[in-house]
Amino acid sequence: MPKIVKEKNEKANKDSGRQRRVERFSRLRGMKDILFDEYRYWDLLLKKAADLAEVYDFRRIDTPVLERLDLYERSTGMDTDVVSKEMYSFIDKSEEKVALRPEATPGIARAYIEHGLFNQPQPIKTFWCGPLFRHEKPQSGRTRQHTQINYDVFGEAGPVTDAQLILIAYNFFNELQVGVQVQINSIGCPECRKEYIAKLIEYYKERGKRSRLCNDCKKRFVKNPLRLLDCKEKDCMEIREDAPQIVDFLCDGCREHFIKVLEYLDELGISYNLNPFLVRGLDYYNRTVFEVVSADDEGEKDEDGQRRQISLGGGGRYDNLIETLGGRTTPACGFGLGIERAIIKIKEKNIPLKEERKNYIFLAQLGEQSRLKIFALFEEMRRAGYRVKQAFTKDSLKAQLESADRIGAKYSLILGQKELLDGTIIIRDMESGTQEVIDYKKIYAEVNKRLDLDKQVNN
Ligand code: HAM
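Residues numbered from 1 in each chain as written. Predicted model: local features only at pLDDT ≥ 70, side-chain atom pairs only at ≥ 80, totals over all residues. Heavy atoms only, no water.

Novice: Just checking my understanding: could you explain the pattern of salt bridges for this structure?
Specialist: If the charged atoms of two oppositely charged side chains come close together, the side chains can form a pair. Scanning the entire structure with this criterion turns up 30 salt bridges. Arg255 is paired through a salt bridge with Asp252; the nearest N and O atoms lie 3.4 Å apart. Within this pair, Arg255 and its partner Asp252 are both found in helix α11 (residues 252-268), separated by three residues, close to a single helical turn. Since its relative accessible area comes to 36%, Arg255 is described here as partly exposed. In this structure Asp252 comes out as exposed when scored by relative accessible area, which is 57%. Of the charged contacts in the structure, one is a salt bridge between Glu379 and Arg382, with a shortest N-O distance of 3.1 Å. Of this pair, Glu379 and Arg382 are both found in helix α14 (residues 368-383), three residues apart, which corresponds to roughly one turn of the helix. Owing to a relative accessible area of 26%, Glu379 belongs among the partly exposed residues under this scheme. (Salt bridge = Lys/Arg side-chain N within 4 Å of Asp/Glu carboxyl O. Helix = DSSP H or I, 4+ residues; strand = E, 2+ residues; numbered from the N terminus. Buried < 20%, exposed > 50% of the residue type's maximum accessible area, 1.4 Å probe, protein only.)

Novice: Please clarify how the side chain of His146 should be interpreted in this entry.
Specialist: With respect to the secondary-structure elements, His146 resides in strand β6 (residues 145-154). Taking the relative accessible area as the measure of exposure, His146 reaches 13% and is therefore buried.

Novice: I would appreciate a short explanation of the site of the ligand in the present structure.
Specialist: Close contacts around the ligand come from 26 residues, with Glu103, Thr105, Glu136, Tyr285 and Ser311 the closest. Measuring from an oxygen atom of the ligand, one finds a side-chain N or O atom of Arg134 at 3.0 Å. In the model, an oxygen atom of the ligand is placed 3.1 Å from a nitrogen or oxygen of the Gln148 side chain. Alone, the ligand offers 660 Å² of accessible surface; in the complex the protein occludes 95% of this. No other element matches the five residues that strand β12 (residues 311-317) contributes to the shell around the ligand. Here the shell around the ligand is composed, by residue class, of six nonpolar, 13 polar and seven charged. (Near = heavy atom within 4 Å. Polar contact = N/O pair within 3.5 Å; in protein donor to acceptor, adjacent residues only side chain to side chain. Areas by Shrake-Rupley, 256 points an atom, 1.4 Å probe, with all protein chains shown as cover. Nonpolar A, V, L, I, M, F, W, Y, C, P; charged D, E, K, R; others polar.)

Novice: Help me out: how do you make sense of the sheet that holds strand β16 (residues 411-415) in this one?
Specialist: Strand-to-strand pairing in sheets goes through backbone hydrogen bonds, with the strands running parallel or antiparallel. Pairing is mixed across the open sheet formed by five strands, whose spatial order is β15-β14-β16-β17-β18. Bordering the open sheet on either side are β15 (387-390) and β18 (435-439), each of which pairs with just one other strand. The mean angle between the axes of side-by-side strands here comes to 30 degrees, regardless of whether they run parallel or antiparallel. Against the sheet, α14 makes contact with β14 (360-365), β15, β16 and β17 (424-429), and its axis sits at roughly 160 degrees relative to β14, the strand it touches most. Lying over the sheet, helix α15 (residues 397-407) contacts β14, β15, β16 and β17, oriented at roughly 170 degrees with respect to β14. (Pairing = 2+ DSSP bridges. Axes fitted to C-alpha atoms, helices over the stretch in contact; angles between N-to-C directions. Contact = heavy atoms within 4.5 Å.)

Novice: I'm lost on the packing of aromatic side chains in this one. Help?
Specialist: Aromatic ring pairs are described here by two measures, namely the spacing of the ring centres and the angle between the planes. If you walk through the whole model with that rule in mind, you get 17 aromatic pairs. For the ring pair Phe58 and Tyr151, a centre distance of 5.4 Å and an interplane angle of 90 degrees mean the geometry is edge-to-face. Of this pair, Phe58 sits in the loop between α2 (38-55) and β1 (59-60) while Tyr151 sits in strand β6; the two residues are 93 residues apart in sequence, bridging distant segments of the chain. Taking the relative accessible area as the measure of exposure, Phe58 reaches 6% and is therefore buried. Ring geometry for Phe154 against Tyr318: centres 6.1 Å apart, planes inclined by 80 degrees, an arrangement best described as edge-to-face. One end of the pair, Phe154, is in strand β6; the other, Tyr318, is in the loop between β12 and α12 (321-324), and 164 residues separate them in sequence. Assessed through its relative accessible area of 1%, Tyr318 is described here as buried. When the ring centre of Tyr203 is taken as origin, the NZ or CZ atom of Lys209, which lies over that ring, is 3.8 Å away. Across from the ring centre of Tyr440, 4.3 Å away, lies the NZ or CZ of Lys373, which sits over that ring. (Phe/Tyr/Trp six-rings, centres within 6.5 Å; stacked < 30°, edge-to-face > 60°. Lys NZ or Arg CZ within 6 Å of the ring centre and 35° of its normal.)

Written out as C-alpha coordinates, the structure reads:
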(Lines give C-alpha, C1' and ligand atoms only; values in the text may rest on other atoms or scores of the structure.)
Protein backbone atom coordinates (compact mmCIF):
# COMPACT_ATOMS: atom_id res chain seq x y z
CA MET A 1 0.00 0.00 0.00
CA PRO A 2 1.46 3.44 -0.90
CA LYS A 3 2.62 5.33 2.19
CA ILE A 4 0.24 8.23 1.64
CA VAL A 5 -2.84 5.94 1.43
CA LYS A 6 -1.78 4.10 4.59
CA GLU A 7 -1.43 7.38 6.48
CA LYS A 8 -4.85 8.52 5.25
CA ASN A 9 -6.47 5.26 6.38
CA GLU A 10 -4.87 5.50 9.79
CA LYS A 11 -6.13 9.06 10.22
CA ALA A 12 -9.65 8.08 9.16
CA ASN A 13 -9.65 5.19 11.66
CA LYS A 14 -8.46 7.48 14.42
CA ASP A 15 -11.17 10.04 13.65
CA SER A 16 -13.96 7.50 13.58
CA GLY A 17 -12.68 6.09 16.89
CA ARG A 18 -12.86 9.54 18.41
CA GLN A 19 -16.40 10.12 17.20
CA ARG A 20 -17.78 6.74 18.15
CA ARG A 21 -20.13 7.04 21.09
CA VAL A 22 -20.45 4.06 23.41
CA GLU A 23 -24.09 3.32 24.04
CA ARG A 24 -25.05 3.59 27.70
CA PHE A 25 -27.46 1.31 29.45
CA SER A 26 -30.39 2.41 31.53
CA ARG A 27 -32.73 0.52 33.81
CA LEU A 28 -35.59 -1.46 32.32
CA ARG A 29 -38.96 0.27 32.53
CA GLY A 30 -40.60 -0.23 35.90
CA MET A 31 -37.36 -1.25 37.63
CA LYS A 32 -35.53 0.77 40.26
CA ASP A 33 -32.05 1.15 41.69
CA ILE A 34 -31.73 1.67 45.40
CA LEU A 35 -28.90 3.99 46.31
CA PHE A 36 -27.19 4.66 49.59
CA ASP A 37 -29.51 7.05 51.42
CA GLU A 38 -32.61 5.16 50.34
CA TYR A 39 -31.30 2.20 52.29
CA ARG A 40 -31.88 4.07 55.54
CA TYR A 41 -35.60 3.61 54.90
CA TRP A 42 -35.12 -0.03 53.97
CA ASP A 43 -33.16 -0.68 57.15
CA LEU A 44 -35.90 0.93 59.21
CA LEU A 45 -38.66 -1.15 57.60
CA LEU A 46 -36.79 -4.42 57.60
CA LYS A 47 -35.91 -3.96 61.25
CA LYS A 48 -39.52 -3.26 62.16
CA ALA A 49 -40.63 -6.32 60.17
CA ALA A 50 -38.02 -8.56 61.80
CA ASP A 51 -38.85 -7.25 65.29
CA LEU A 52 -42.54 -8.03 64.78
CA ALA A 53 -41.67 -11.47 63.39
CA GLU A 54 -39.71 -12.18 66.55
CA VAL A 55 -42.41 -10.95 68.91
CA TYR A 56 -45.11 -13.06 67.23
CA ASP A 57 -42.86 -16.12 66.67
CA PHE A 58 -42.51 -16.10 62.91
CA ARG A 59 -39.36 -17.74 61.55
CA ARG A 60 -37.54 -16.57 58.45
CA ILE A 61 -37.66 -18.62 55.28
CA ASP A 62 -36.59 -17.92 51.73
CA THR A 63 -37.65 -19.46 48.43
CA PRO A 64 -36.12 -19.28 44.93
CA VAL A 65 -36.84 -16.35 42.64
CA LEU A 66 -37.49 -18.83 39.83
CA GLU A 67 -40.14 -21.55 40.09
CA ARG A 68 -42.02 -23.79 37.69
CA LEU A 69 -44.62 -21.84 35.75
CA ASP A 70 -47.40 -24.28 36.55
CA LEU A 71 -46.94 -23.69 40.28
CA TYR A 72 -48.46 -20.23 39.75
CA GLU A 73 -50.99 -21.40 37.20
CA ARG A 74 -52.38 -23.91 39.68
CA SER A 75 -52.28 -21.71 42.81
CA THR A 76 -52.52 -18.02 41.92
CA GLY A 77 -54.90 -19.04 39.11
CA MET A 78 -54.82 -19.15 35.31
CA ASP A 79 -57.44 -16.43 34.94
CA THR A 80 -55.94 -13.94 37.35
CA ASP A 81 -54.24 -10.82 35.98
CA VAL A 82 -51.05 -11.81 37.76
CA VAL A 83 -50.76 -15.09 35.84
CA SER A 84 -52.52 -14.32 32.57
CA LYS A 85 -51.06 -10.87 31.97
CA GLU A 86 -48.20 -9.98 34.25
CA MET A 87 -45.90 -12.92 34.65
CA TYR A 88 -42.29 -12.97 33.46
CA SER A 89 -42.26 -16.52 32.15
CA PHE A 90 -39.97 -18.28 29.72
CA ILE A 91 -38.62 -21.65 28.66
CA ASP A 92 -35.18 -22.27 30.13
CA LYS A 93 -32.26 -24.13 28.60
CA SER A 94 -33.61 -27.46 29.87
CA GLU A 95 -36.87 -26.80 28.03
CA GLU A 96 -38.62 -26.25 31.35
CA LYS A 97 -41.38 -23.63 31.58
CA VAL A 98 -40.39 -21.34 34.44
CA ALA A 99 -41.44 -17.98 35.87
CA LEU A 100 -39.94 -15.23 37.97
CA ARG A 101 -42.07 -15.29 41.09
CA PRO A 102 -44.93 -12.76 40.86
CA GLU A 103 -45.93 -13.42 44.48
CA ALA A 104 -44.52 -15.36 47.41
CA THR A 105 -47.42 -17.50 48.64
CA PRO A 106 -47.22 -20.35 46.08
CA GLY A 107 -43.48 -20.79 46.67
CA ILE A 108 -43.91 -20.77 50.45
CA ALA A 109 -46.75 -23.31 50.19
CA ARG A 110 -44.62 -25.50 47.91
CA ALA A 111 -41.75 -25.34 50.43
CA TYR A 112 -44.13 -26.25 53.28
CA ILE A 113 -45.12 -29.43 51.42
CA GLU A 114 -41.71 -30.25 49.96
CA HIS A 115 -39.92 -30.04 53.32
CA GLY A 116 -42.61 -31.96 55.16
CA LEU A 117 -43.25 -29.05 57.51
CA PHE A 118 -46.65 -30.62 58.30
CA ASN A 119 -44.69 -33.20 60.33
CA GLN A 120 -43.43 -30.50 62.69
CA PRO A 121 -45.55 -29.12 65.53
CA GLN A 122 -48.20 -26.82 64.05
CA PRO A 123 -48.73 -23.99 63.44
CA ILE A 124 -45.75 -23.18 61.24
CA LYS A 125 -45.32 -19.42 61.13
CA THR A 126 -43.16 -18.11 58.30
CA PHE A 127 -41.59 -14.71 57.75
CA TRP A 128 -40.44 -14.07 54.18
CA CYS A 129 -38.91 -11.11 52.42
CA GLY A 130 -37.83 -10.73 48.80
CA PRO A 131 -38.30 -9.27 45.33
CA LEU A 132 -41.26 -10.12 43.10
CA PHE A 133 -41.86 -9.46 39.41
CA ARG A 134 -45.06 -8.39 37.68
CA HIS A 135 -45.15 -6.91 34.19
CA GLU A 136 -47.65 -4.19 35.09
CA LYS A 137 -48.05 -0.68 33.73
CA PRO A 138 -45.62 1.30 35.90
CA GLN A 139 -46.93 4.26 37.87
CA SER A 140 -46.39 5.77 41.29
CA GLY A 141 -46.30 2.89 43.78
CA ARG A 142 -46.46 0.27 41.06
CA THR A 143 -43.24 -1.14 39.66
CA ARG A 144 -42.33 -4.26 37.70
CA GLN A 145 -40.03 -5.40 40.46
CA HIS A 146 -41.24 -4.80 43.99
CA THR A 147 -40.34 -6.20 47.37
CA GLN A 148 -42.71 -7.78 49.82
CA ILE A 149 -42.58 -8.86 53.41
CA ASN A 150 -44.89 -11.82 54.02
CA TYR A 151 -46.13 -13.33 57.26
CA ASP A 152 -47.97 -16.66 56.90
CA VAL A 153 -49.37 -19.21 59.32
CA PHE A 154 -49.91 -22.87 58.35
CA GLY A 155 -51.91 -25.43 60.30
CA GLU A 156 -54.17 -23.11 62.25
CA ALA A 157 -57.81 -22.62 61.29
CA GLY A 158 -59.08 -20.43 64.14
CA PRO A 159 -60.14 -16.80 63.64
CA VAL A 160 -57.60 -15.60 66.21
CA THR A 161 -54.90 -16.28 63.59
CA ASP A 162 -56.59 -14.05 61.01
CA ALA A 163 -56.91 -11.34 63.64
CA GLN A 164 -53.30 -11.65 64.74
CA LEU A 165 -52.08 -11.31 61.16
CA ILE A 166 -54.22 -8.21 60.64
CA LEU A 167 -52.83 -6.87 63.91
CA ILE A 168 -49.26 -7.36 62.68
CA ALA A 169 -50.01 -5.47 59.44
CA TYR A 170 -51.67 -2.72 61.48
CA ASN A 171 -48.82 -2.52 63.99
CA PHE A 172 -46.21 -2.47 61.26
CA PHE A 173 -47.56 0.73 59.75
CA ASN A 174 -48.74 2.41 62.92
CA GLU A 175 -45.43 1.92 64.65
CA LEU A 176 -43.79 3.57 61.65
CA GLN A 177 -46.26 6.45 62.14
CA VAL A 178 -48.20 5.65 58.96
CA GLY A 179 -51.86 5.58 59.96
CA VAL A 180 -53.73 2.79 58.19
CA GLN A 181 -57.22 1.50 57.87
CA VAL A 182 -58.09 -2.14 57.42
CA GLN A 183 -60.48 -3.08 54.62
CA ILE A 184 -62.00 -6.46 55.32
CA ASN A 185 -64.45 -8.90 53.79
CA SER A 186 -65.25 -12.60 53.83
CA ILE A 187 -65.52 -14.46 50.54
CA GLY A 188 -66.80 -17.63 52.21
CA CYS A 189 -65.87 -21.17 51.27
CA PRO A 190 -66.30 -22.90 47.88
CA GLU A 191 -69.66 -24.22 49.14
CA CYS A 192 -71.38 -20.99 50.15
CA ARG A 193 -69.71 -19.07 47.34
CA LYS A 194 -71.54 -21.25 44.79
CA GLU A 195 -74.95 -19.89 45.73
CA TYR A 196 -73.60 -16.34 45.88
CA ILE A 197 -72.01 -16.55 42.44
CA ALA A 198 -75.28 -17.80 40.97
CA LYS A 199 -77.02 -14.71 42.43
CA LEU A 200 -74.24 -12.45 41.17
CA ILE A 201 -74.54 -13.82 37.65
CA GLU A 202 -78.30 -13.30 37.80
CA TYR A 203 -77.70 -9.69 38.85
CA TYR A 204 -75.27 -8.99 36.01
CA LYS A 205 -77.59 -10.63 33.49
CA GLU A 206 -80.22 -8.00 34.21
CA ARG A 207 -80.87 -5.77 31.24
CA GLY A 208 -78.12 -3.44 30.02
CA LYS A 209 -75.53 -4.35 32.61
CA ARG A 210 -73.28 -6.73 30.73
CA SER A 211 -72.91 -4.53 27.67
CA ARG A 212 -71.61 -1.65 29.82
CA LEU A 213 -68.85 -3.74 31.40
CA CYS A 214 -65.22 -3.18 30.39
CA ASN A 215 -63.63 -5.82 28.14
CA ASP A 216 -61.82 -7.45 31.06
CA CYS A 217 -65.05 -7.73 33.03
CA LYS A 218 -66.86 -9.26 30.06
CA LYS A 219 -64.27 -12.05 30.27
CA ARG A 220 -64.49 -12.15 34.06
CA PHE A 221 -68.23 -12.63 33.81
CA VAL A 222 -67.58 -15.93 32.05
CA LYS A 223 -64.42 -17.08 33.83
CA ASN A 224 -64.44 -15.65 37.36
CA PRO A 225 -67.56 -13.58 38.18
CA LEU A 226 -66.39 -12.81 41.73
CA ARG A 227 -63.68 -10.62 40.26
CA LEU A 228 -66.33 -8.37 38.69
CA LEU A 229 -66.50 -6.81 42.13
CA ASP A 230 -62.98 -5.45 42.32
CA CYS A 231 -62.71 -3.90 38.87
CA LYS A 232 -61.53 -0.30 39.09
CA GLU A 233 -63.20 0.94 35.87
CA LYS A 234 -65.73 3.72 36.51
CA ASP A 235 -68.68 2.06 34.72
CA CYS A 236 -68.01 -1.33 36.29
CA MET A 237 -67.85 0.29 39.73
CA GLU A 238 -71.21 1.97 39.13
CA ILE A 239 -72.84 -1.26 38.00
CA ARG A 240 -71.64 -3.24 41.01
CA GLU A 241 -73.09 -0.71 43.49
CA ASP A 242 -76.34 -2.68 43.97
CA ALA A 243 -74.88 -6.14 43.48
CA PRO A 244 -75.75 -8.76 46.11
CA GLN A 245 -73.21 -8.94 48.91
CA ILE A 246 -71.42 -12.14 49.72
CA VAL A 247 -71.66 -11.71 53.50
CA ASP A 248 -75.42 -12.29 53.16
CA PHE A 249 -74.76 -15.72 51.68
CA LEU A 250 -72.13 -17.08 54.08
CA CYS A 251 -72.75 -20.54 55.53
CA ASP A 252 -72.91 -20.85 59.33
CA GLY A 253 -69.25 -21.82 59.69
CA CYS A 254 -67.97 -18.98 57.51
CA ARG A 255 -70.28 -16.42 59.15
CA GLU A 256 -69.21 -17.44 62.63
CA HIS A 257 -65.55 -17.30 61.64
CA PHE A 258 -65.95 -13.80 60.19
CA ILE A 259 -67.83 -12.46 63.20
CA LYS A 260 -65.13 -13.78 65.51
CA VAL A 261 -62.36 -12.13 63.46
CA LEU A 262 -64.24 -8.81 63.71
CA GLU A 263 -64.73 -9.28 67.44
CA TYR A 264 -60.99 -9.66 67.93
CA LEU A 265 -60.37 -6.51 65.90
CA ASP A 266 -62.96 -4.63 67.96
CA GLU A 267 -61.31 -5.81 71.14
CA LEU A 268 -57.93 -4.60 69.87
CA GLY A 269 -59.39 -1.23 68.86
CA ILE A 270 -58.33 -1.67 65.24
CA SER A 271 -60.40 0.48 62.92
CA TYR A 272 -61.69 -1.45 59.94
CA ASN A 273 -64.04 -0.93 57.07
CA LEU A 274 -66.33 -3.75 55.92
CA ASN A 275 -65.79 -3.69 52.19
CA PRO A 276 -68.24 -5.96 50.34
CA PHE A 277 -66.33 -5.46 47.08
CA LEU A 278 -63.00 -6.66 48.38
CA VAL A 279 -62.35 -10.07 46.81
CA ARG A 280 -58.58 -9.90 46.11
CA GLY A 281 -57.21 -10.83 42.74
CA LEU A 282 -55.71 -14.21 43.56
CA ASP A 283 -57.61 -17.48 43.29
CA TYR A 284 -56.65 -19.29 46.46
CA TYR A 285 -58.38 -17.18 49.09
CA ASN A 286 -61.38 -18.26 51.14
CA ARG A 287 -63.13 -16.73 54.16
CA THR A 288 -61.27 -13.63 55.45
CA VAL A 289 -59.67 -11.31 52.93
CA PHE A 290 -58.18 -7.97 53.92
CA GLU A 291 -56.09 -5.04 52.75
CA VAL A 292 -54.50 -2.14 54.57
CA VAL A 293 -54.70 1.31 53.04
CA SER A 294 -53.42 4.67 54.22
CA ALA A 295 -55.95 6.13 56.68
CA ASP A 296 -55.69 9.81 56.00
CA ASP A 297 -55.26 10.37 52.33
CA GLU A 298 -57.60 10.33 49.38
CA GLY A 299 -55.49 7.91 47.40
CA GLU A 300 -53.40 8.24 44.28
CA LYS A 301 -54.71 9.64 40.99
CA ASP A 302 -54.59 7.05 38.24
CA GLU A 303 -54.40 7.53 34.44
CA ASP A 304 -58.11 8.41 34.25
CA GLY A 305 -57.69 11.05 36.92
CA GLN A 306 -59.66 8.94 39.38
CA ARG A 307 -58.49 8.72 42.94
CA ARG A 308 -57.74 5.24 44.18
CA GLN A 309 -56.37 4.22 47.48
CA ILE A 310 -53.36 2.07 46.85
CA SER A 311 -53.10 -0.94 49.03
CA LEU A 312 -50.07 -1.03 51.31
CA GLY A 313 -50.59 -4.66 52.18
CA GLY A 314 -53.07 -7.45 51.62
CA GLY A 315 -53.80 -11.05 52.34
CA GLY A 316 -56.29 -13.49 53.72
CA ARG A 317 -57.06 -17.08 54.49
CA TYR A 318 -56.23 -19.84 51.98
CA ASP A 319 -57.32 -23.12 53.55
CA ASN A 320 -57.35 -25.11 50.29
CA LEU A 321 -54.06 -24.12 48.72
CA ILE A 322 -51.84 -26.76 50.31
CA GLU A 323 -54.23 -29.49 49.16
CA THR A 324 -54.44 -27.97 45.67
CA LEU A 325 -50.66 -28.27 45.49
CA GLY A 326 -50.68 -31.92 46.50
CA GLY A 327 -50.23 -31.61 50.27
CA ARG A 328 -52.58 -32.79 53.00
CA THR A 329 -55.45 -30.51 53.98
CA THR A 330 -53.89 -27.65 55.94
CA PRO A 331 -55.56 -24.38 56.84
CA ALA A 332 -53.44 -21.31 56.19
CA CYS A 333 -53.60 -17.55 56.39
CA GLY A 334 -51.18 -14.72 55.66
CA PHE A 335 -50.47 -11.38 54.10
CA GLY A 336 -47.85 -9.45 52.18
CA LEU A 337 -46.89 -5.81 52.41
CA GLY A 338 -44.98 -3.80 49.84
CA ILE A 339 -41.80 -2.17 51.08
CA GLU A 340 -41.56 0.40 48.28
CA ARG A 341 -45.13 1.57 48.93
CA ALA A 342 -44.45 1.84 52.65
CA ILE A 343 -41.38 3.97 51.90
CA ILE A 344 -43.42 6.26 49.64
CA LYS A 345 -45.85 6.84 52.53
CA ILE A 346 -43.09 7.47 55.07
CA LYS A 347 -41.50 10.01 52.74
CA GLU A 348 -44.84 11.67 51.90
CA LYS A 349 -45.54 12.22 55.55
CA ASN A 350 -42.03 13.52 56.21
CA ILE A 351 -41.60 11.08 59.01
CA PRO A 352 -38.08 11.78 60.24
CA LEU A 353 -35.67 8.89 60.34
CA LYS A 354 -34.08 8.63 63.74
CA GLU A 355 -30.40 9.38 63.32
CA GLU A 356 -28.90 7.38 66.10
CA ARG A 357 -25.27 7.97 66.69
CA LYS A 358 -23.58 4.64 66.40
CA ASN A 359 -20.79 3.43 68.62
CA TYR A 360 -18.32 4.29 65.88
CA ILE A 361 -14.90 5.63 66.82
CA PHE A 362 -13.51 7.72 64.01
CA LEU A 363 -9.73 7.85 63.67
CA ALA A 364 -8.44 11.13 62.22
CA GLN A 365 -4.88 12.16 61.47
CA LEU A 366 -2.84 15.19 60.45
CA GLY A 367 0.46 14.65 58.69
CA GLU A 368 2.20 11.66 57.21
CA GLN A 369 3.69 10.33 60.47
CA SER A 370 0.32 10.48 62.23
CA ARG A 371 -1.36 8.75 59.32
CA LEU A 372 1.13 5.89 59.62
CA LYS A 373 0.44 5.47 63.30
CA ILE A 374 -3.35 5.83 62.96
CA PHE A 375 -3.33 3.34 60.08
CA ALA A 376 -1.95 0.70 62.45
CA LEU A 377 -4.16 1.81 65.35
CA PHE A 378 -7.21 1.30 63.15
CA GLU A 379 -6.35 -2.37 62.59
CA GLU A 380 -5.47 -2.87 66.25
CA MET A 381 -8.78 -1.43 67.44
CA ARG A 382 -10.79 -3.26 64.78
CA ARG A 383 -9.27 -6.58 65.81
CA ALA A 384 -10.01 -5.77 69.44
CA GLY A 385 -13.72 -5.50 68.47
CA TYR A 386 -14.20 -1.71 68.27
CA ARG A 387 -16.36 -0.28 65.50
CA VAL A 388 -13.75 1.98 63.95
CA LYS A 389 -14.08 4.26 60.94
CA GLN A 390 -11.55 6.34 59.02
CA ALA A 391 -10.91 8.53 55.99
CA PHE A 392 -7.18 7.93 55.50
CA THR A 393 -7.22 9.34 51.98
CA LYS A 394 -8.19 12.79 53.24
CA ASP A 395 -5.52 15.22 54.45
CA SER A 396 -7.66 18.00 55.90
CA LEU A 397 -8.93 17.54 59.43
CA LYS A 398 -12.12 19.43 58.58
CA ALA A 399 -12.93 16.98 55.78
CA GLN A 400 -12.23 14.04 58.06
CA LEU A 401 -14.49 15.33 60.80
CA GLU A 402 -17.21 15.94 58.24
CA SER A 403 -16.95 12.27 57.27
CA ALA A 404 -17.15 11.33 60.95
CA ASP A 405 -20.31 13.38 61.28
CA ARG A 406 -21.86 11.93 58.16
CA ILE A 407 -21.51 8.36 59.33
CA GLY A 408 -22.77 9.33 62.79
CA ALA A 409 -19.59 8.52 64.76
CA LYS A 410 -19.83 9.03 68.51
CA TYR A 411 -16.20 9.90 69.14
CA SER A 412 -13.20 10.84 67.06
CA LEU A 413 -9.61 10.22 68.03
CA ILE A 414 -7.40 12.89 66.44
CA LEU A 415 -3.65 12.53 66.13
CA GLY A 416 -1.71 15.62 64.94
CA GLN A 417 2.03 16.50 64.89
CA LYS A 418 1.95 17.95 68.40
CA GLU A 419 0.17 14.98 69.95
CA LEU A 420 2.57 12.65 68.16
CA LEU A 421 5.53 14.35 69.84
CA ASP A 422 3.81 14.59 73.24
CA GLY A 423 2.60 10.96 73.26
CA THR A 424 -1.02 12.13 73.50
CA ILE A 425 -4.15 12.03 71.35
CA ILE A 426 -7.32 14.13 71.24
CA ILE A 427 -10.70 12.55 71.89
CA ARG A 428 -13.64 14.52 70.53
CA ASP A 429 -17.29 13.99 71.45
CA MET A 430 -18.95 14.33 68.04
CA GLU A 431 -22.30 15.37 69.42
CA SER A 432 -21.19 18.15 71.76
CA GLY A 433 -17.95 19.01 69.97
CA THR A 434 -15.98 18.98 73.25
CA GLN A 435 -12.41 17.75 73.05
CA GLU A 436 -9.94 16.43 75.58
CA VAL A 437 -6.25 15.60 75.27
CA ILE A 438 -5.52 12.17 76.69
CA ASP A 439 -2.46 10.00 77.14
CA TYR A 440 -1.95 7.90 73.98
CA LYS A 441 -1.37 4.83 76.13
CA LYS A 442 -4.76 5.26 77.77
CA ILE A 443 -6.79 5.26 74.55
CA TYR A 444 -8.65 2.05 75.35
CA ALA A 445 -9.41 2.97 78.94
CA GLU A 446 -10.71 6.40 77.91
CA VAL A 447 -12.79 5.08 75.02
CA ASN A 448 -14.26 2.29 77.16
CA LYS A 449 -15.10 4.73 79.94
CA ARG A 450 -17.10 6.89 77.54
CA LEU A 451 -18.84 4.02 75.78
CA ASP A 452 -19.81 2.45 79.13
CA LEU A 453 -21.17 5.76 80.30
CA ASP A 454 -23.23 6.09 77.12
CA LYS A 455 -24.58 2.59 77.62
CA GLN A 456 -25.73 3.47 81.14
CA VAL A 457 -27.36 6.69 79.96
CA ASN A 458 -29.18 4.90 77.12
CA ASN A 459 -30.44 2.12 79.36
P1 HAM B 1 -50.89 -8.61 46.75
O2 HAM B 1 -52.07 -7.85 47.21
O3 HAM B 1 -50.81 -8.93 45.31
O4 HAM B 1 -50.83 -9.93 47.62
O5 HAM B 1 -49.58 -7.82 47.14
C6 HAM B 1 -49.33 -7.44 48.47
C7 HAM B 1 -48.72 -6.05 48.51
O8 HAM B 1 -47.56 -5.96 47.67
C9 HAM B 1 -49.62 -4.94 47.99
O10 HAM B 1 -50.53 -4.52 48.97
C11 HAM B 1 -48.61 -3.85 47.65
O12 HAM B 1 -48.20 -3.16 48.82
C13 HAM B 1 -47.43 -4.65 47.14
N14 HAM B 1 -47.43 -4.71 45.68
C15 HAM B 1 -48.09 -5.57 44.88
N16 HAM B 1 -47.83 -5.33 43.58
C17 HAM B 1 -46.98 -4.28 43.55
C18 HAM B 1 -46.33 -3.54 42.51
N19 HAM B 1 -46.49 -3.84 41.23
N20 HAM B 1 -45.52 -2.51 42.85
C21 HAM B 1 -45.32 -2.19 44.14
N22 HAM B 1 -45.90 -2.85 45.17
C23 HAM B 1 -46.72 -3.87 44.89
C24 HAM B 1 -49.97 -10.95 47.42
O25 HAM B 1 -49.01 -10.90 46.70
C26 HAM B 1 -50.26 -12.16 48.30
N27 HAM B 1 -49.35 -13.24 47.91
C28 HAM B 1 -50.11 -11.77 49.76
C29 HAM B 1 -50.34 -12.93 50.68
C30 HAM B 1 -49.44 -13.51 51.51
N31 HAM B 1 -51.48 -13.56 50.84
C32 HAM B 1 -51.31 -14.53 51.73
N33 HAM B 1 -50.06 -14.50 52.14
